[in-house]
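# A closer look at the structure
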Amino acid sequence: MTEFTPMTALAGGALIGLAAVMLMGALGRIAGICGMFSGAIFAEHGDRLWRAAFLAGLIGGPLLYAVFAGRPDFEMTASWPAIVFGGAAIGFGARLAAGCTSGHGVCGVSRLSPRSFAALGVFLGVGMGVATLLRLAGAG
Amino acid sequence: MFRLISAAMAGAVFGIGLTVAQLTNPAKILSFLTLVEGWDGSLGLALAAAIAVTAIGYRLVWMRERPIFARAFPPPDSGEVNARLMLGAGLFGLGWGAVGLCPGPAIAALGFGGPELLGFVAAMFGGAAGYELLERGSLLTSAT
């Protein structure tokens, strides 16, 4: 298990919120990463570029941060079958639900959308249930 | 051009925020989702801070007539809570709990994650592409 880091969690969360507000103020868009991710490829032509620019920043920002603060910790313990099926379930599920942790969890909840409150509740409920069961089943 | 620069800046701030909160680390996310002794509530605090800043910030920018580089703000999400939303959110939660990654952290970590992360992002893309194909074939419209 990792250590509780309240200060960096609050600071990082506030930056995520700031980014969502920047995108709304500049482009009038919701900062939903899964929509960005598939929209950069599948969206109507004129809507692709800004999404690609956001994604480039999303990859480049952490790299820039790493130059000053060192390489961030990255520890991924899931098995390959879990990675493949889990990844596909997330990609498909996020599109079916029209949003993920960022689009529903941060932006939608901030807009007081009932759909987003429901989605975030299910994300957390199922995510916690699955993670806890896997741990208790002896995976960790 | 200004649209692209502001989108890239927002993306960079988003990614730096995830990194500062250590949410680019799957182990950190799983420590929040796994409800056992030694539970780490950090992700919950990050989510709460993000929602608080967004909720206030949105209302401030909505006082403008329109966004700086666009015609209008989006209308409220008027859809209803339906089976499609619940099923999608359930699938999402399943993968999130099994791997400890969701789309934002996965992409933000691309610069320093390993082959497992690349495999995860490819699978995620495959799932999203599968959805697009089904939707274009309108196989999903009858299910709503």
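Predicted, not measured: the structure shown is a model, and the values here were computed from it.

## As for the overall build of chain A
Summing up its helical and strand segments, chain A has 6 helices and 0 strands in all. Each helix and strand of chain A, ordered N terminal to C terminal, gives the series α-α-α-α-α-α. Along the first, second and third principal axes, the C-alpha set of chain A runs to 50 × 40 × 30 Å. Scored against the burial criterion, the 140 residues of chain A give a buried share of 54%. Within chain A, contacts between residues at least 6 apart in sequence are counted, and of these 33% link residues at least 24 apart. By element, 69% of the accessible surface of chain A is carried by carbon and sulfur atoms, the whole surface being about 5,900 Å². In chain A, the 8 positive side-chain charges and the 5 negative ones have mean positions that sit 11 Å from each other.

## Remarks on the layout of surface pockets
Residues and elements named next belong to chain A. The volume enclosed by the largest pocket comes to roughly 620 Å³. Lining the largest pocket we find 24 residues, and of these Ile30, Gly32, Gly35, Arg51 and Ala98 sit closest to its centre. Broken down by secondary-structure element, the contributors of at least two residues to the lining of the largest pocket are α2 (33-42), α3 (48-69), α5 (101-110) and α6 (114-139). Across the lining of the largest pocket, the residue classes tally to 8 nonpolar, 10 polar and 6 charged.

## Details of the packing of aromatic side chains
Applying the stated rule across the entire model yields 9 aromatic pairs over all chains. Plain terms: the ring middles of Phe54 of chain A and Phe14 of chain B are 6.0 Å apart, the flat faces sit at 65 degrees to each other, and that makes the pair edge-to-face. Of this pair, Phe54 of chain A sits in helix α3 while Phe14 of chain B is found in helix α1 (residues 2-20), placing the two residues in two different chains. A residue is classified by how much of its surface remains accessible, and Phe54 of chain A, at 0% relative accessible area, is buried. Centre to centre, the rings of Phe92 of chain B and Trp96 of chain B are 6.3 Å apart; their planes meet at 50 degrees, and the pair counts as tilted. Note that Phe92 of chain B and Trp96 of chain B are positioned in helix α4 (residues 83-99) at a spacing of 4 residues, about one turn of the helix. One exposure class covers both Phe92 of chain B and Trp96 of chain B, and it is buried. Taken together, Phe123 of chain A together with Phe92 and Trp96 of chain B form an aromatic cluster joined through their ring pairs.

## Section: empty space enclosed by the protein
Considering all chains together, one arrives at 2 cavities of 30 Å³ or more under this definition. In this structure, the largest cavity encloses a volume near 220 Å³. Lining the largest cavity are 19 residues, and of these Ile16 and Thr101 of chain A together with Leu18, Leu23 and Leu47 of chain B sit closest to its centre. Sorting the residues of the lining of the largest cavity by element identifies α5 and α6 of chain A together with α1, α3 (42-61) and α5 (103-108) of chain B as the ones contributing at least two each. With 4 residues, the single largest contributor to the lining of the largest cavity is α3 of chain B. Each residue belonging to the lining of the largest cavity can be placed in one class, and the counts come to 16 nonpolar, 3 polar and no charged. The volume enclosed by the second largest cavity comes to roughly 30 Å³.

Rules and cut-offs
Residues numbered from 1 in each chain as written. Chains lettered and ligands numbered in written order. Predicted model: local features only at pLDDT ≥ 70, side-chain atom pairs only at ≥ 80, totals over all residues. Heavy atoms only, no water. Helix = DSSP H or I, 4+ residues; strand = E, 2+ residues; numbered from the N terminus. Buried < 20%, exposed > 50% of the residue type's maximum accessible area, 1.4 Å probe, protein only. Contact = heavy atoms within 4.5 Å. Areas by Shrake-Rupley, 256 points an atom, 1.4 Å probe, with all protein chains shown as cover. Lys, Arg positive; Asp, Glu negative; His and termini not counted. Charge placed at Lys NZ, Arg CZ, Asp CG, Glu CD. 1 Å grid on protein atoms, 1.4 Å probe; cavity = no way out; pocket = protein on both sides within 12 Å on 5 of 7 lines; lining within 4 Å. Points joined across faces, edges and corners; volume = space filled by probe spheres on them. Nonpolar A, V, L, I, M, F, W, Y, C, P; charged D, E, K, R; others polar. Phe/Tyr/Trp six-rings, centres within 6.5 Å; stacked < 30°, edge-to-face > 60°.

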